[in-house]
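# Structural characterization, general
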Amino acid sequence: MAQEQNTLKKLATKYGLVKDDFWKHKQSGSWIISHDGVIKIAVQEKIAFTLEKWSDDADRKCMKVTATHPSGQLVEIVGECKVGKGITSEYPWAMAQKRAEDRCVIRIVAGGLLY
């Protein structure tokens, strides 16, 4: 957990992220980068996204996102959302897309910060 927190501090410093770009996970007490924070990184890194609806089951939505960095690095990840109550029942495609985009960006930029 200390390694993860150190990585978040490095991301905050490198990309000018502020406290509002993070939220605290109630169960674990860990700080998590928000989707808005991830998009700030994507904009600075000039990461482009391509979206594809991958699965349209009644109870689960999956969105495949391909992220491309100007260096040529390419990452493909599927984000999922189990359709339930609240926000996930109203905007399941948006939730699946955000999860995939966030995972792509973190995979592209955090690799060098993790070690």
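About the criteria used
- Residues numbered from 1 in each chain as written.
- Predicted model: local features only at pLDDT ≥ 70, side-chain atom pairs only at ≥ 80, totals over all residues.
- Heavy atoms only, no water.
- Pairing = 2+ DSSP bridges.
- Helix = DSSP H or I, 4+ residues; strand = E, 2+ residues; numbered from the N terminus.
- Axes fitted to C-alpha atoms, helices over the stretch in contact; angles between N-to-C directions.
- Contact = heavy atoms within 4.5 Å.
- Salt bridge = Lys/Arg side-chain N within 4 Å of Asp/Glu carboxyl O.
- Buried < 20%, exposed > 50% of the residue type's maximum accessible area, 1.4 Å probe, protein only.

## A look at the sheet that holds strand β4 (residues 60-68)
Overall, antiparallel pairing links the three strands, which are arranged β3-β4-β5 in an open sheet. The open sheet is flanked by β3 (48-56) and β5 (74-82), the only strands paired with a single partner. Ignoring which end each strand starts from, the neighbouring axes of this sheet average 20° apart. Summarising the sheet, β4 and β5 pair through nine bridges and their orientation is antiparallel. Bridging across to β5, Ala 67 finds its partner in Val 75. Strands β3, β4 and β5 of the sheet are contacted by helix α4 (residues 92-110), whose axis makes an angle of about 145° with β5.

## Remarks on the pairing of β3
Here β3 runs beside β4; their pairing, made up of eight bridges, is antiparallel. Within the sheet, the bridge partner assigned to Glu 52 lies in β4 and is Lys 64.

## A look at the pattern of salt bridges
Two side chains carrying opposite charge are able to pair once their charged atoms lie near each other. Counted according to the given criterion, the structure contains five salt bridges. The partner of Lys 40 in a salt bridge is Asp 21, with the nearest N and O atoms 3.0 Å apart. Placement of the pair is Lys 40 in helix α2 (residues 35-45) and Asp 21 in the loop between α1 (2-15) and β1 (22-24), with a sequence separation of 19 residues. Taking the relative accessible area as the measure of exposure, Asp 21 reaches 3% and is therefore buried. Measuring nitrogen to oxygen at the nearest pair gives 3.8 Å for the salt bridge that ties Lys 64 to Glu 52.

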